[in-house]
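# Structure at a glance
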Amino acid sequence: MLKNKLNIFKNNFKLDKLFMNVSLVIPVFLSLVFLISNNLLLGLLLIVSIIFVIRKYKGKHFVLYLLLIATLVRIAGIIVFNVPQTSDFAVLLEAARKFNLGDYSFSKSGYFAMWPYQTGFVLYEALMLKIVNSELFLKLLNIFYEIGLTYFIYKTVKALVGETPARIVSSLYAVFPFSIYSATVISNHHLSALLSYLSIYFLLKNNKEDKLSNYIIASIILGLSNVLRPEGIVIIFSYLLYRVLKLTKKDILKSKKWLITVVRCSIFVCFYSLVNMGVSTYLVKSNINEDGLKNNNPLWKFVLGTNPDTCGRYDTNDEIYLGDETKELEVIKERINNPYKVSKLLLCKTNNFVLNGSLESSSGIYNDKKIKVLGLEVAYKTLEDSVSGVNKVIYGFMILGLVVGVYLKKKDILNSNLFYFYILFITNTLVYMLIEIQPRYTYFINVTVFILGSVGINKLLKLWDNRHKIIKIKN
């Protein structure tokens, strides 16, 4: 018996196989070093853990746990990443405080004279501070809005893709560091994004119901969103393009559907415009400012956005053109006349804005700060680097899901409301290829990235489940 076993061992024993098995420890070690040194390991483990837990345990109260976790991690984020309001955010907050004192002098400053449309967000901040005069209260409201976006992702993906992918991507968004860190900043992104996606919800309901009331509700909500942050035009253009592309030859030639679509979309745009005009008129007639919600320097974003030296980001050197429309137009023309520089700029913007998933931070003021985590003293920068790595992995995973979904599940996207989100993603990307980019400007479109990413993630999970069958077929 022993002799037979020894013979089997001798027959199966191969030095090359032994070497291969033993040396596997080296590439595994190298992989771990790479992941750890680039702060990617924690993010990878988090994704794998979420997918495993959600697929393994089918809890009945998932939404409750989802929203609870989303709330707790954001409260923790406000405590840990408690950065002060700086730059534009500080200016807007101070203006809101003056507004509540009946002091409208802020509107005479160069900032509001150039960009009076920012007064819309000042009105919101002032109203909230009237309720509770506290910065912390405004940050807690941010958490509420982000929870709403998390729930929107879950409900949308559940309806368009399925329950499991809905749970996975909404859970990832619930712990998405970019979203958590954003809650610490009192900016116009939070409520504006929530209202925008609520408006989209009513617009997409029309694919089944096509009620005039849905158009009106959507237009009013989107109008209010645009008052806070002027991104409404991207949503409107994407929706109109979506409706046009979904028209069939039969719709155009043999039915009145196209005419009904034109009329209702026109009503939608009219009500949206009325909301913006109404708020703008209120600002002027109340002597809060002279220009309402106008943008008195629309070229500035293009000046910054076409700067090849900064990859389309803000540059103090460009301030020499600020306010001079002729100079601004000249520098824009000069920058876009060089095809090589333009192509290089577009590649840079794509890499640093669309694909990067950067965690914007102003924590340079905390370079020497240390905080306690589970009783251990940790350098703030170390914690921030780890969180930034998690952010990159989650965002990269969603971009991967988006790309896989677009190529492998094209029909599913075309035949559902996912097509609207795809158009919105493309439109938003093209807009920012022209204007200034900042990491925080991805706040709105991140929700769409997570929704579209669910398609590819669902496909990848199915391929993983069927991996043994696929291998057998190939062999």
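Residues numbered from 1 in each chain as written. Predicted model: local features only at pLDDT ≥ 70, side-chain atom pairs only at ≥ 80, totals over all residues. Heavy atoms only, no water.

## Details of the overall build of the chain
The condition is simple: Numbering of helices and strands starts at the N terminus; helices are DSSP runs of H or I of at least 4 residues and strands are runs of E of at least 2. We call two residues in contact when some of their heavy atoms are within 4.5 Å. For the charge count, each Lys or Arg is scored as positive and each Asp or Glu as negative, with His and the chain ends excluded. A single reference atom marks each charge: NZ on Lys, CZ on Arg, CG on Asp, CD on Glu.
Each helix and strand counted, the chain has 24 helices and two strands in total. The dimensions of the chain, computed from C-alpha atoms along their principal axes, are 100 × 70 × 55 Å. Contacts spanning at least 24 positions in sequence make up 78% of the contacts within the chain whose residues lie at least 6 apart. Side-chain charges in the chain split into 55 positive and 31 negative, and the spacing between the mean points of these groups amounts to 18 Å.

## Quick word on the side chain of Asn417
Quick reminder of the rule: By the criterion applied in these results, polar contacts are pairs of N or O atoms within 3.5 Å in which, for protein atoms, one can donate a hydrogen and the other can accept it, and in which residues neighboring in sequence qualify only through two side-chain atoms.
Along the polypeptide, Asn417 turns up in the loop between α21 (410-414) and α22 (418-432). Among the polar contacts listed, one links the side chain of Asn417 to the side chain of Tyr242, at a separation of 2.9 Å.

## Description of the pattern of salt bridges
Note the following rule: Throughout this description, the term salt bridge denotes a Lys or Arg side-chain nitrogen within 4 Å of a carboxyl oxygen of Asp or Glu.
Scanning the model with the defined rule gives 10 salt bridges in all. Arg55 is the salt-bridge partner of Asp465, the closest N and O atoms lying 2.3 Å from each other. You can see Asp465 sitting in helix α23 (residues 443-465) and its partner Arg55 sitting in helix α4 (residues 41-56), a full 410 residues away along the chain. A salt bridge links Glu135 to Arg97, with the nearest nitrogen and oxygen atoms 3.2 Å apart. Placement of the pair is Glu135 in helix α9 (residues 135-160) and Arg97 in helix α6 (residues 87-100), with a sequence separation of 38 residues.

## Describing the state of the cysteines
To keep things clear, this is the line we draw: A pair of sulfur atoms, both from cysteines and within 2.5 Å, is called a disulfide here. Buried residues are those whose accessible area, probed at 1.4 Å on protein chains only, stays under 20% of the maximum for their type, while exposed residues exceed 50% and partly exposed ones sit between those limits.
Counted by the stated rule, this structure contains one disulfide. No disulfide involves Cys265; its sulfur sits 11 Å from that of Cys270, the nearest cysteine. Cys265 sits in the buried class, given a relative accessible area of 6%. With relative accessibility at 46%, the residue Cys270 sits in the partly exposed group.

## Brief notes about the packing of aromatic side chains
Defined as follows: Pairing of aromatic side chains here covers Phe, Tyr and the six-membered ring of Trp, requires ring centres within 6.5 Å, and sorts the geometry by plane angle: under 30 degrees stacked, over 60 edge-to-face, intermediate tilted.
One pass over the full model with this rule turns up 23 aromatic pairs. Their ring planes at 85 degrees and their centres at 5.2 Å tell us that Tyr173 and Phe450 sit as a pair that is edge-to-face. Of this pair, Tyr173 sits in helix α10 (residues 163-174) while Phe450 sits in helix α23; the two residues are 277 residues apart in sequence, bridging distant segments of the chain. With respect to burial, Tyr173 and Phe450 carry one shared label: buried. Chaining the aromatic ring pairs together yields one cluster made of Tyr239, Tyr242, Phe268, Phe419, Tyr420 and Phe421.

## Remarks on the environment of Arg264
Position of Arg264 among the secondary structure elements: in helix α16 (residues 257-285). Spatially, the C-alpha atom of Arg264 lies 9.9 Å from that of Asn214, the residues being 50 residues apart in sequence. Sequence-distant contacts of Arg264, defined by excluding residues within four places in its chain, comprise Asp210, Lys211, Leu212 and Tyr215.

## As for a nonpolar patch on the surface
Stated formally: Patch construction takes residues with relative accessible area above 30% that form no salt bridge. Like charges are linked within 9 Å, and nonpolar side chains (Val, Leu, Ile, Met, Phe, Trp, Tyr) are linked within 5 Å. Residue burial considers only the protein chains on display, and all accessible areas are found by Shrake-Rupley using a 1.4 Å probe.
Taken together, the side chains of Leu68, Leu72, Ile75, Ile79, Leu136 and Leu140 define a hydrophobic patch exposed on the protein surface, amounting to about 560 Å² of accessible area. Taken together, the elements giving at least two residues each to the nonpolar patch come down to α5 (62-80) and α9. Sorting elements by how many residues they give to the nonpolar patch places α5 first, with four residues. With respect to the helices and strands, the residue Leu136 is situated in helix α9. Since its relative accessible area comes to 46%, Leu136 is described here as partly exposed.

## Details of the environment of Ile445
Looking at the element boundaries, Ile445 is found in helix α23. The sequence separation of Ile445 and Phe425 amounts to 20 residues, and the corresponding C-alpha distance is 6.7 Å. Beyond its immediate chain neighbours, meaning those up to four positions away, Ile445 contacts Tyr197, Leu424, Phe425 and Asn428.

## Description of helix α14 (residues 232-245)
The line we're drawing: In a helix, the anticipated span is given by 1.5 Å times the number of residues less one.
Across its 14 residues, α14 extends 20 Å between first and last C-alpha, which sits within 8% of the 20 Å expected from 1.5 Å per residue. Turning to α14, its buried residues are Gly232, Val234, Ile235, Ile236, Ser238, Tyr239, Tyr242 and Arg243. Against the buried residues of α14 lie α12 (189-205), α13 (212-228), α16, α22 and α23.

## Points about the side chain of Thr448
In this fold, Thr448 is placed in helix α23. Not counting residues within four places of it along the chain, the set of residues in contact with Thr448 comprises Tyr197, Phe421, Leu424 and Phe425.

## Re unusual backbone geometry
Its identity as a non-glycine residue notwithstanding, Asn287 has a phi of 60 degrees, on the positive side. Looking at where Asn287 falls in the secondary structure, it is placed in the loop between α16 and α17 (300-305). Here Cys311, not a glycine, exhibits a phi torsion of approximately 60 degrees, which is positive. Along the polypeptide, Cys311 turns up in the loop between α17 and α18 (325-336). Residue class for Cys311 comes out buried when judged on its relative accessible area of 9%.

## Some thoughts on the environment of Leu283
If you trace the backbone, Leu283 turns up in helix α16. Accessibility expressed as a relative area gives 0% for Leu283, which makes it buried. Linking Leu283 and Leu123, residues 160 residues apart in sequence, is a C-alpha distance of 9.6 Å. Beyond its immediate stretch of four places on either side in the chain, Leu283 contacts Thr119, Leu123, Ile288, Asn289, Gly292 and Leu293.

## Thoughts on the packing of α4 against helix α20 (residues 380-408)
Put simply, the rule reads: Only the contacting stretch of a helix is used when fitting its axis, a line to C-alpha atoms as for every element, and angles between N-to-C directions run 0 to 180 degrees. In what follows, roughly perpendicular refers to angles from 65 to 115 degrees, roughly parallel to angles under 35, roughly antiparallel to angles over 145, and oblique to any angle outside these ranges. Handedness of a crossing is defined here by the sense of rotation of the near helix relative to the far one, left-handed for an anticlockwise turn of less than a right angle and right-handed for a clockwise turn.
As a packed pair, α4 and α20 sit with axes 7 Å apart at the nearest point and diverge in direction by 50 degrees. Put simply, α4 runs oblique to α20. The way α4 lies across α20 gives a crossing that is right-handed. The segment α4 lies against α20, with Leu42, Gly43, Leu44, Leu46, Ile47 and Ile51 engaging Val390, Val393, Ile394 and Phe397.

## A short note on the packing of α13 against α16
Under the convention used in this document: Three residue categories are used. Nonpolar comprises Ala, Val, Leu, Ile, Met, Phe, Trp, Tyr, Cys and Pro, charged comprises Asp, Glu, Lys and Arg, and polar comprises the others, including Gly.
At their nearest, the axes of α13 and α16 sit 8 Å apart, and the two run at 35 degrees to each other. For the crossing formed where α13 meets α16, the hand is right-handed. Here Leu212, Tyr215, Ile216, Ala218, Ser219, Ile220, Leu222, Gly223, Leu224, Asn226 and Val227 of α13 come into contact with α16, specifically with Arg264, Cys265, Ile267, Phe268, Phe271, Tyr272, Val275, Asn276 and Val279. Here the contact of α13 with α16 is composed, by residue class, of 15 nonpolar, four polar and one charged.

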